[in-house]
Amino acid sequence: MVLVYCELTENRRVADVSLELCTKGHSLAQQLGTTLEALVCGDDLTGIEEQLYPYGVDTVLAVADNRLFPYRTLPHFSVAAGLIEERKPEVVLFGATSVGRDLAPRVSSHLRCGLTADCTSLEIGSHEDKQQGKTFDNILYQIRPAFGGNIIATIVSPEHRPQMATVREGVMKKEVVNAAHKGNRIDIDASRYVRLEDDCVKIISREIEQQKINIKNASIIVSGGYGMGSKENFDMLHQLAQVLGGEVGATRAAVDAGFAEGERQIGQTGVTVRPKLYIACGISGAVQHRAGMDQSAKIISINTDPDAPINAIADYTIVGDVCKVVPMLIESYNNNRK
Amino acid sequence: MNADGTVNRAALPAIFNPEDLKALEMALQVKEQLGDTEVVVLTMGPERAATIIRESLSRGADRGIIISDARFAGSDTLATSYALSCAISKIGQVDLVMGGRQAIDGDTAQVGPQVAEKLNLPQITYAERLVAVDGKSITVTRRLDNGVETVQAPLPALVTVTASAADCRYPHAHRLLRFAKTRPEIWNADDVNPDFSRLGKNGSPTKVKKIDNVVLAHKESQRVGDNKEELNALMATLVADHIVG
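Values in this document were obtained by computation on a predicted structure and should not be read as measured data.

Undergrad: Can you break down unusual backbone geometry residue by residue, with the values?
TA: What you tend to see is this: most non-glycine residues have negative phi, and most peptide bonds are trans. Residue and element names in this part refer to chain A. Of note, the amide linkage connecting Arg-161 to Pro-162 takes the cis form, showing an omega dihedral of -5°. Structurally, Pro-162 can be placed in the loop between strand E8 (151-156) and strand E9 (163-167). Even without glycine at this site, Lys-88 takes up a positive phi of about 50°. Assignment of secondary structure puts Lys-88 in the loop between helix H3 (73-87) and strand E4 (91-95). Not every positive phi belongs to a glycine, and Asn-138 is a case in point at roughly 55°. Structurally, the position occupied by Asn-138 is in strand E7 (residues 134-146).

Here it is as structure tokens:
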């Protein structure tokens, strides 16, 4: 069985990153010939299973208890570790979020299993251990960049179960597998797992921001470089980002020129992003910038220079004047939106 | 890099991991508030890491220990956290274990929570600011993906410190001179009394199966004309593929 640890948003919806992992978990489960389970912990889980079934989840493990929202490490750790020990999944996936990166390593330490952080790809394959002369089938390949992104490493933990990985938001695709799919929901009593001492860390206050600038988690980024020419021309990128439901990013040169705020800077000395769609406007594509965005799922480049280095990593290259192309993109989006 | 895909650390310079420096600053702030306490700096690595211990001492730490042994080689985060937790147990009565959220080479952010689990300590990750500390508890703000949280944990506890925390204070001139030649304590694997099967490569569930160099020009780029028809077709594809919706 493949298990996805699901996170809840402030309004008690399953977080996008978890639905992305369910989509991926479903395809891994199919390759392994097994089922997909989703663990959800929170205070109010009314109807939560309905959000998960369309993504191919066969069993929703629902643990509703006031101690489980907002997230705190120890109660979630006790539930997750306890359930994994009982249900013995082959694979467990967590979002590489501030929750998943806090929880998953503690769980892996308890279970003494492997954990690979920030995977950008997950595959199933075999692994040959030459020293032991053994071949392991149906192993999870945990693929991630290493050393500043110059190297892609494939990590396996052939002899330990479960095989665990975290994945950042936006890396996997969120896709309804079957809108009519129905699984089953199992309600679990948190008190079977949560110990009295798990309550020892107190949350004194929380300020959850409706983030003003949230390029790190944006699934669509419209990004501008020095080639945008002015702060006024940058406004056009804000308009495109707004209609697409995305955020605006910028290169260091654009930030230094005063076209955009520092929080929007993408690249080696800014934020690293992995959106589903990255639209690079007037960006030549210095290696430092590419390091922060080259893992974007789809890249569109708009540039007057047909030989701009950014074009080498773009899926689509539009050679033309951004100020002319961007308004046309807004118009064609409005024509095509569902 | 070694042939098996693990890092040849002997070939790398020993540098002070930036978030660990921030953790040292927070530890020194804790010491200022608590008074009678000692800040011990612990690292696992080659003996060259002595430069990092000396730097810590010059910035205000009281004692430095390196755990170094060929039997630690090839450790993944699980084996690393095990070796560190053995060393922390040997140090004795520790009220607070502090460290950077993650290292700039691996970026996994796993070792902190794993050490906390092994020592059965509550953990506070991504700490940004020390709010208060007394002999019984610590209160800090945490930087989350979508906001800030103030939490209080009883001592002993483990805290990892994030990049947006305060920078570390500068070294004191007289301490720089005083510790310039200091040789830190070096403990080997036997000194920390471990279960040897949990160290190094044998204690590491994860293996590097293979490594590939990134080829930057990896995509066949499709040309799209800057006219309404072609841009419209592009947008229709993006909508159909659920890339925009």
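Structure's up, so let's keep going.
Undergrad: Describe in detail the packing of helix H1 (residues 18-34) of chain B against helix H2 (residues 50-59) of chain B, supporting the description with residues and values.
TA: Residue and element names in this part refer to chain B. Relative to each other, H1 and H2 sit at 35°, their axes nearing to 11 Å. In the packing of H1 onto H2, the handedness of the crossing is right-handed. Contact residues: Leu-21, Leu-24 and Leu-28 in H1; Glu-55, Ser-56 and Arg-59 in H2. A class-by-class count of the residues in the contact of H1 with H2 yields three nonpolar, one polar and two charged.

Undergrad: Mind laying out the pairing of strand E12 (residues 220-224) of chain A, listing which residues take part and the relevant values?
TA: Remark: a regular strand shows side chains that alternate across the two faces of the sheet. Residue and element names in this part refer to chain A. Taken across its five residues, E12 has five buried, putting it largely inside the fold. Residues Ile-220, Val-222 and Gly-224 of E12 are buried on one face, and the alternating residues Ile-221 and Ser-223, pointing to the opposite face, are buried as well. Note that E12 and strand E13 (residues 247-250) share four bridges and pair parallel. Within the sheet, the bridge partner assigned to Ser-223 lies in E13 and is Gly-249. Between E12 and its parallel partner E13, the chain crosses via helix H5 (residues 231-244), and the hand of that crossover is right-handed.

Undergrad: Residue-level account of the side chain of Arg-144 of chain A, with values.
TA: All names here are of chain A. Structurally, the position occupied by Arg-144 is in strand E7. Despite its burial, Arg-144 pairs with no opposite charge, the nearest such side chain being Asp-118 at 4.8 Å. Here Ala-117 takes part through its backbone oxygen, which lies 3.4 Å from a polar atom of the side chain of Arg-144.

Undergrad: Could you give an account of the domain arrangement of chain A, with specific residues and numbers?
TA: Residues and elements named next belong to chain A. Considered domain by domain, chain A is made up of domain 1 (2-199) and domain 2 (220-336). When each unit is reduced to the centre of its C-alpha atoms, the spacing between domain 1 and domain 2 is 33 Å. Overall, the association of domain 1 and domain 2 removes approximately 470 Å² of surface from exposure, summing both partners, and the carbon and sulfur fraction of that is 53%. Joining domain 1 to domain 2, the criterion identifies zero salt bridges. Where domain 1 meets domain 2, there are zero residue pairs in polar contact (both at pLDDT 80 or more).

About the thresholds
All residue numbers here refer to positions counted from 1 along the written sequence of the relevant chain. The lettering of chains begins at A and the numbering of ligands begins at 1, in the order of writing. Where totals are concerned, whole chains, interfaces and linings use all residues; where local detail is concerned, this predicted model gives features only for residues with pLDDT of at least 70, and gives and counts side-chain atom pairs only at 80 or more. Hydrogens and waters are ignored; side-chain quantities use all the structure's heavy atoms. The numbering of helices and of strands both runs from the N terminus, where a helix is a DSSP run of H or I of at least 4 residues and a strand a run of E of at least 2. An axis is simply a line fitted to the C-alpha atoms; with a helix, the fit covers only the stretch in contact. Between two such axes, the angle follows the N-to-C directions and lies from 0 to 180 degrees. When the near helix sits turned anticlockwise from the far one by under a right angle, the crossing is termed left-handed; a clockwise turn instead gives a right-handed crossing. The contact criterion used is simple: two residues touch if any of their non-hydrogen atoms lie within 4.5 Å. Only Asp, Glu, Lys and Arg are considered charged in this grouping, and only Ala, Val, Leu, Ile, Met, Phe, Trp, Tyr, Cys and Pro are considered nonpolar; every other residue, Gly among them, is considered polar. With a 1.4 Å probe rolled over the protein chains alone, any residue whose accessible area is under 20% of its type maximum counts as buried; one over 50% counts as exposed, and the rest are partly exposed. Strands are labelled as partners when DSSP assigns at least two bridges between them. When the strands point away from the viewer, a crossover counts as right-handed if the path from the first strand over the helix to the second runs clockwise. Under the convention used here, Asp and Glu are negative, Lys and Arg are positive, and both His and the chain ends fall outside the count. Put simply, a salt bridge is a Lys or Arg side-chain nitrogen that is within 4 Å of an Asp or Glu carboxyl oxygen. N or O atoms within 3.5 Å of each other form a polar contact, as long as, within protein, one can give a hydrogen and the other can take it, and as long as residues adjacent in sequence are counted only when both atoms are side-chain atoms. For the domain bounds, the source is a domain assignment made automatically or taken from a database. Buried area adds together the accessible area that both of two parts lose upon being put together, with accessible area traced by a 1.4 Å probe.

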